[in-house]
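Chains, contacts and geometry: an overview
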Amino acid sequence: WDNADFSRGVGTTFYQEFLTLNTAKPPFVRDVEAKVRRYLRSSYSAAWTLKITWEKAPAYAARTDTRRTSTYQAVLTTDGFRSYVLILYQEGGMRWDYTRLTATNVLIGYT
């Protein structure tokens, strides 16, 4: 995510926090819980969730190409004991032309 470049006024980043401990859970949080349960085959009830969205983000350096943008999200969630990250990409994945990036060791995901 550090290779997104918003310096040319293209794209935006925003976030939404969901505090759900002892409160009614919105559909988005229920969907996140269902994904964690399904993929990890464990019981899970979110106490806190954060959704971060990078919308129409151009790759660094934006001065070379602002037409091939990507939209992606990171969803961080925890029950207070276990924490998870869901990384979601627009249909078709990243649309950046990685051959034009300054770094050649491109990684999608996290470590």
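Our subject is the structure that appears above.
Reading the values: rules and limits
- Residues numbered from 1 in each chain as written.
- Predicted model: local features only at pLDDT ≥ 70, side-chain atom pairs only at ≥ 80, totals over all residues.
- Heavy atoms only, no water.
- Core = buried A, V, L, I, M, F, W, Y, C linked by side-chain atoms within 4.5 Å.
- Buried < 20%, exposed > 50% of the residue type's maximum accessible area, 1.4 Å probe, protein only.
- Helix = DSSP H or I, 4+ residues; strand = E, 2+ residues; numbered from the N terminus.
- Contact = heavy atoms within 4.5 Å.

Counting residues in each nonpolar core, the largest one holds 9 residues, listed as Ala 4, Leu 50, Ile 52, Trp 54, Ala 57, Ala 59, Tyr 72, Ala 74 and Trp 96. When residues in this core are grouped by element, the largest group, 4 residues, is from strand β2 (residues 48-58). Among all residues touching Leu 50, those that are not within four sequence positions of it are Tyr 15, Gln 16, Glu 17, Ala 74, Val 75 and Leu 76. Phe 18, Val 29, Val 36 and Tyr 44 belong to the second largest nonpolar core, which has 6 residues in total.

Attention now goes to unusual backbone geometry. Although it is not a glycine, Arg 41 adopts a positive phi angle of roughly 50°. Along the polypeptide, Arg 41 turns up in the loop between α1 (27-40) and β2. Although it is not a glycine, Lys 56 sits at a positive phi angle of roughly 50°. Examined against the element boundaries, Lys 56 turns out to sit in strand β2. Classification of Lys 56 as exposed rests on a relative accessible area of 52%.

Relative to the helices and strands, Arg 67 is located in the loop between β2 and β3 (69-78). The exposed category is assigned to Arg 67, whose relative accessible area is 71%. Note: C-alpha distance between Arg 67 and Ala 57 (10 residues apart in sequence) is 9.6 Å.

A few words on the side chain of Glu 33. With respect to the helices and strands, the residue Glu 33 is situated in helix α1. Accessibility expressed as a relative area gives 4% for Glu 33, which makes it buried. Sequence-distant contacts of Glu 33, that is, excluding residues within four places in its chain, are made with Lys 25, Tyr 44, Ser 45 and Ala 46.

All quantities given are derived from atomic positions and should not be read as evidence of function.
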